[in-house]
Amino acid sequence: MTRTSFLLAFVLVPALLLAAPARAGDPDPAIKAQLDSLDIKYDVDSDGDFKVTFDLGNERTQLVWIRSKTEAYGSLKVREIWSPGYKYSGTELPVKIANRLLEHSHGLILGGWTKQKQFAMLAVKIPVSATPQQLRDACEAAADAADEIEKELTPGKDDL
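Residues numbered from 1 in each chain as written. Predicted model: local features only at pLDDT ≥ 70, side-chain atom pairs only at ≥ 80, totals over all residues. Heavy atoms only, no water.

**Remarks on the pairing of strand S2 (residues 50-57)**
Bridge count between strand S1 (residues 43-44) and S2: two bridges; the pairing is antiparallel. For Val44, the partnering residue across the bridge sits in S2 and is Phe50. The antiparallel pairing of S1 with S2 creates a hairpin that spans five residues between the two strands, and Gly48 there sits at a positive phi of about 85°. (Pairing = 2+ DSSP bridges. Helix = DSSP H or I, 4+ residues; strand = E, 2+ residues; numbered from the N terminus.)

**Overview of the nonpolar core**
Residues Ile66, Ile81 and Leu135 are the most contacted members of the largest nonpolar core, which totals 29 residues. Element by element, the count of residues in this core is highest for helix H4 (residues 132-153), at eight residues. Once you skip the residues sitting within four places of it in the chain, Ile66 turns out to touch Ile31, Leu35, Asp49, Phe50, Val52, Arg79, Glu80, Ile81, Leu135 and Cys139. Leu63, Trp65, Met121 and Ala123 belong to the second-largest nonpolar core, a separate cluster that totals five residues. (Core = buried A, V, L, I, M, F, W, Y, C linked by side-chain atoms within 4.5 Å. Buried < 20%, exposed > 50% of the residue type's maximum accessible area, 1.4 Å probe, protein only. Contact = heavy atoms within 4.5 Å.)

**Here's the deal with the sheet that holds strand S3 (residues 60-73)**
With antiparallel pairing, six strands are arranged side by side in an open sheet as S1-S2-S3-S4-S6-S5. At either margin of the open sheet sits one strand with a lone partner, and together these are S1 and strand S5 (112-116). Across seven bridges, S2 lies against S3 in antiparallel orientation. Residue pairing in the sheet places Val52 in a bridge with Val64 of S3. The strands that helix H2 (residues 29-37) touches are S2, S3 and strand S4 (76-87); relative to S2, the one it contacts most, it runs at about 30°. (Axes fitted to C-alpha atoms, helices over the stretch in contact; angles between N-to-C directions.)

Below, the structure written as structure tokens:
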């Protein structure tokens, strides 16, 4: 092995390992490190995603998931942050609720509403390179927006 080959292997292999996306079911070590640095308590679910419960005050909490799996489009690499705002029964989101969520999405700075199984889920997409503070801000934005809808659509409840 030439000196150049050795140096390339020594520098590139660790860099590629650190840049590799998390496999399905494996928690992303970069997100773990960021949450630990922010002293945010979390659980890891069976998909390897991070589940955080945010205390919003006034005896309200809000669930937020930080996906370990990342997505790419061209040169863009993003991570999704989800927070449920409404749970419905059946297979179809009621039209009146869907229209309200579209209206609410229009006023959001970050994220938009999506249907995920039987939940209306606020989804925020941030760059994979986001700093710990940017991750926290995006999570808080998702939690605040989802809780706002939960309070509006299910008054008196705090199930999500």
